[in-house]
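Fold and geometry: a report
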Amino acid sequence: MERRRRVGIVGAGPSGLLACKYVLEKGFDPVVFEAEGDVGGIWSHTIASTRLQNKRSTYRFTDFPWPESVSDVHPPHSEVLAYMKSYASHFGIYQHIRFWSKVVGIDYVGESFEEMKSWVVWGGSGKPFGSLSPSKGKWQVRVQDVRNSSVEVHEVEFLILCIGLYSGYPNIPDFPPNQGPEVFKGKVVHSWDYSTMGSEKAAEFVKGKRVAIIGSQKTAIDIAAECAKANGPEFPCTMIQRTTHWTIPSETLLGINIGFLYLNRFSEFLIHKPGESLLLSLLATFLTPLLPLKRHGMVPKLSFFQDVSSCHICMLPDKFYDKVEEGSIVIKKSKTIRFCENGVLIDEEGQSEPVVEADVVILATGYRGDHKLRDIFDSPALQKTISGSSSIVPLYRQVIHPRIPQLAVIGYAESLSSLYATEIRCQWLAEFLVGKFELPSVSKMEEEVSIWERFLRRHSGGKSRRACISNIHIWNNDQFCKDMGFPTRRKKGFLRDLFMPYGPSDYTGLLAD
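So, how was this worked out
- Residue indices follow the written sequence of each chain, beginning from 1 at its first position.
- The model is predicted, so local features are restricted to residues of pLDDT at least 70 and side-chain atom pairs to those at 80 or more, both for listing and for counting; the totals for chains, interfaces and linings are taken over all residues.
- Excluded from the side-chain calculation are hydrogens and water; included are all heavy atoms of the structure.
- UniProt positions are given in the numbering used here, feature names are shortened, and annotations may be inferred rather than shown by experiment.
- Counting from the N terminus, the helices are the DSSP runs of H or I reaching at least four residues and the strands are the DSSP runs of E reaching at least two.
- Think of it in three bands: with a 1.4 Å probe and only protein chains considered, a residue is buried below 20% of the maximum accessible area for its type, exposed above 50%, and partly exposed in between.
- Throughout, a contact is declared for two residues whenever any of their heavy atoms are within 4.5 Å.
- All accessibility values rest on the Shrake-Rupley procedure with a 1.4 Å probe; residue burial counts only the protein chains present in the view.
- Residue count minus one, scaled by 1.5 Å, sets the expected span of a helix.
- Pairs of strands are assigned from DSSP output, requiring at least two bridges between the strands.
- As a rule, the C-alpha atoms of each element are fitted with a line to give its axis, helices using only the stretch in contact, and angles between N-to-C directions run from 0 to 180 degrees.
- Salt bridge, as used here: a side-chain nitrogen of Lys or Arg that lies within 4 Å of a carboxyl oxygen of Asp or Glu.
- Oblique is the label for any angle not covered by the other classes, which are roughly parallel (under 35 degrees), roughly antiparallel (over 145) and roughly perpendicular (65 to 115).
- If you view the pair so one helix is near and one far, a crossing is left-handed when the near helix is turned anticlockwise from the far one by less than a right angle, and right-handed when it is turned clockwise.
- Note that Gly is not counted as nonpolar here; it falls among the polar residues with everything else outside the nonpolar set of Ala, Val, Leu, Ile, Met, Phe, Trp, Tyr, Cys and Pro and the charged set of Asp, Glu, Lys and Arg.
- Stacked, tilted and edge-to-face pairs are distinguished by plane angle, under 30 degrees for stacked and over 60 for edge-to-face with tilted covering the rest, among Phe, Tyr and Trp rings (Trp via its six-membered ring) whose centres lie within 6.5 Å.
- In this scheme, Lys NZ or Arg CZ marks a charge over a ring once it lies within 6 Å of the ring centre and within 35 degrees of the ring normal.
- What goes into a patch is any residue over 30% in relative accessible area without a salt bridge, connected to like charges within 9 Å or, for nonpolar side chains (Val, Leu, Ile, Met, Phe, Trp, Tyr), within 5 Å.
- With a 1 Å grid spanning the protein atoms alone, the term cavity applies to any set of points in which a 1.4 Å probe fits but cannot get out, the term pocket to an open set with protein on both sides within 12 Å along at least five of seven lines, and the term lining residue to any residue with an atom within 4 Å of a point.
- Grid points are joined across faces, edges and corners, and a volume is the space filled by probe spheres set on the points.
- Take the buried Ala, Val, Leu, Ile, Met, Phe, Trp, Tyr and Cys residues and link them wherever side-chain atoms come within 4.5 Å; each set so joined is a nonpolar core.

The protein chain carries the name Flavin-containing monooxygenase in an unreviewed UniProt entry, which gives Linum tenue as its organism. Here the protein chain is described in UniProt, under the heading Sequence similarities (unreviewed entry), as follows: "Belongs to the FMO family."

1. Description of the overall build of the protein chain
In terms of regular secondary structure, the protein chain is built from 17 helices and 22 strands. Within the protein chain, buried positions represent 55% of all 513 residues. A separation threshold of at least 6 residues defines the contact pool for the protein chain, and within that pool the share at least 24 residues apart is 73%. Element-wise, carbon and sulfur atoms account for 52% of the exposed surface of the protein chain, whose accessible area totals about 22400 Å².

2. Some details on unusual backbone geometry
When glycine is set aside, most residues are seen to have a negative phi, and most peptide bonds are trans. Although it is not a glycine, S149 adopts a positive phi angle of roughly 65°. By secondary structure assignment, the location of S149 is in the loop between β5 (138-145) and β6 (151-156). A positive phi angle, close to 55°, is found at R397, a residue other than glycine. Secondary-structure assignment places R397 in the loop between α13 (380-387) and β20 (407-409).

3. Focus on helix α6 (residues 218-231)
In this model, α6 (14 residues) spans 20 Å end to end at C-alpha, consistent with the 20 Å of a helix rising 1.5 Å per residue. Buried residues dominate α6, accounting for 12 of its 14 residues. What α6 keeps buried is the set K218, A220, I221, D222, I223, A224, A225, E226, C227, A228, A230 and N231. Two residues or fewer past α6, G232 is found with a positive phi of approximately 65°.

4. Things to note about the sheet that holds strand β4 (residues 101-109)
The strand order across the open sheet built from three strands is β4-β5-β6, with neighbouring strands paired in antiparallel fashion. Each edge of the sheet is formed by a strand with only one pairing partner; in this case those strands are β4 and β6. When strand polarity is set aside, the average angle formed by the axes of neighbouring strands in this sheet is 25°. For β5 and β6, the ladder comprises six bridges, and the chain directions are antiparallel. Each residue of the ladder has a partner; that of V141, found in β6, is H154.

5. A word on the pattern of salt bridges
For the structure shown, the criterion picks out 23 salt bridges. With a shortest N-O distance of 2.8 Å, E438 and K127 are connected by a salt bridge. With E438 in the loop between α14 (418-433) and α15 (442-459) and K127 in the loop between α3 (113-118) and β5, this residue pair connects regions lying 311 residues apart in the sequence. Here the residues in one salt-bridge network are K21, E25 and D63, joined through shared partners.

6. Structural notes on the packing of helix α1 (residues 14-25) against helix α2 (residues 77-90)
At a closest axis distance of 11 Å, the pairing of α1 and α2 adopts a crossing angle of 15°. In terms of orientation, α1 and α2 fall into the roughly parallel class. Between α1 and α2 lies a crossing whose hand is left-handed. Contacts from P14, L17, L18 and K21 of α1 reach α2 at M84, Y87 and A88. Considering only residue class, the contact of α1 with α2 consists of six nonpolar, no polar and one charged.

7. Overview of the sheet that holds strand β7 (residues 158-161)
Within the open sheet, the five strands sit side by side as β3-β2-β1-β7-β20. Their pairing is parallel. Looking at strand neighbours, the two that pair on one side only are β3 (97-98) and β20, the edges of this open sheet.

8. Digging into the packing of aromatic side chains
Inspection of every chain in the model, using the stated rule, returns 27 aromatic pairs. When the centroid spacing of 5.3 Å and the interplanar angle of 40° are considered together, the rings of W428 and F437 count as tilted. One aromatic cluster is present, formed by F28, W122, F129, F158, Y396, W428, F432, F437 and F480 through successive ring pairs. Across from the ring centre of F91, 4.7 Å away, lies the NZ or CZ of K21, which sits over that ring. The ring of Y502 has K491 lying over it, and the distance from NZ or CZ to the ring centre is 5.1 Å.

9. Some words on a nonpolar patch on the surface
A surface patch of nonpolar side chains, amounting to about 350 Å² of accessible area, comprises F494, L495 and F499. Looking at the element boundaries, L495 is found in helix α17 (residues 494-499).

10. Topic: the layout of surface pockets
Approximately 560 Å³ is the volume attributed to the second largest pocket. S49, R51, D222, P317 and D318 are, among the 25 residues lining the second largest pocket, the residues nearest its centre. A per-element tally of the lining of the second largest pocket places α6 first, with six residues.

11. Concerning the nonpolar core
Core analysis: the biggest nonpolar cluster contains 59 residues, and I9, F158, I160, W428, L429 and L439 have the highest contact counts within it. Of all the secondary structure elements, the ones that give two or more residues to this core are β1 (6-10), α1, α2, β7, α14, α15 and α16 (473-484). Broken down by element, the residue count for this core peaks at nine residues, all from α14. Setting aside chain neighbours within four positions, we find L429 in contact with F158, I160, I400, A408 and I410.

12. Some details on the environment of G232
Along the polypeptide, G232 turns up in the loop between α6 and β10 (237-241). C-alpha of G232 to C-alpha of K323: the two residues are 91 residues apart in sequence and 8.1 Å apart in space. Sequence-distant contacts of G232, that is, excluding residues within four places in its chain, are made with C227 and S328.

13. Examining the packing of α14 against α16
Two elements in contact, α14 and α16, have axes whose closest approach is 10 Å; the angle formed by their N-to-C orientations is 15°. By the angle class used here, α14 and α16 are roughly parallel. Note that α14 runs across α16; the crossing there is left-handed. Residues Y420, I424, R425, Q427, W428 and E431 of α14 form the contact with α16, whose participating residues are H473, N476, N477, F480, C481, D483 and M484.

Take a look at the structure:
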């Protein structure tokens, strides 16, 4: 009986579960290293009020529907987490997971870095298990048991990193000397600390306190809504935004699902014309007067198209603007953020007293997923290689680094429909591992990575660190389907394929095609 190749997977969030499921189906021997005590990734560390931004019909596994007991269009995080656990149980993934196992470092045991730089094809042979020497071509994974700090070294023949973008490495802004958190007499935490407190402790943490939140995206908005619920107008929560982004109250506009404006093939045809997409430009024109953005100083400088292209658009919690109107939430804008003894100094135009007094400051300033990925490598040379020359991780098909053999990264491509975008990458990777197709040459992959990076920067306003595929996710899926030899047109009928929004159900049974 042929020996099953050992595939290591780091992380048991949605990406890790999908990676394990598909490599397991292809006959490999997967082992998943998970630092926590259960699956779910970021869904096990979200604030109490967090709900799925997508409709559940657009955030699902292609071959595992939501249970009938879930009726909410936008389920709460607890139901999303239960859905993840049910998926892991249904497909027999749990038995392959080593819980409480934190990966503290990885190192490639094989050809020297100088040899790797000379390769014309990936891994020297173009194959997934491609070392030219049978005694080489392994990844050593250092794993710490978080319960007793002991460390073991595991050896795998292929390694898939599913370590996520939104945990572990908080993005802490730089502050001027003597004007950082150290001068503030209150408490300063990152949103990650807040989200890991649990709902009861988090509510107690902000109850009866003046809370200032630095940030403008989904986490900042959700925390502001929680603080408003806990304190009301008596202790208003202040959101301090350095950059405003487009926020919408629902997925419909005048009764029309906005997916028709950016989730179908027709809208993607307009992407490459000069300027922004016509449909998304019209959408922004309609949204501005319909939403109280201008009244509250929340009209973004970036276009709606640019925010979609950089995955910065988000859905508002229920009755968010009602809380603003009643004074439970106060929104301020400031180009700079500085601390003083009593709170936060801002530079809001026309503000006579530039101090936002606070007892608690929450930094909802995001994460440095690129640093998290870089630092898992022991080798300085590989750290530099995975980081690339820019802040966007240089991955072919957002999965494979052209210069790093026998390794894949899943979960660094963002989308407004991220779950099935991740799933098609795991399917693509599994097909590659069994030899269904070959990768282009290293130079060709690097050329495509550069083209992709220029595209991202052009359409996101040039400021995003994210590999966001929202405005071309159908085209992107087409590339994966072509690589795997599957049909790209997933709907019956020319008009349906052109105008109807695409979703997970369109890719159900893809590997059976």
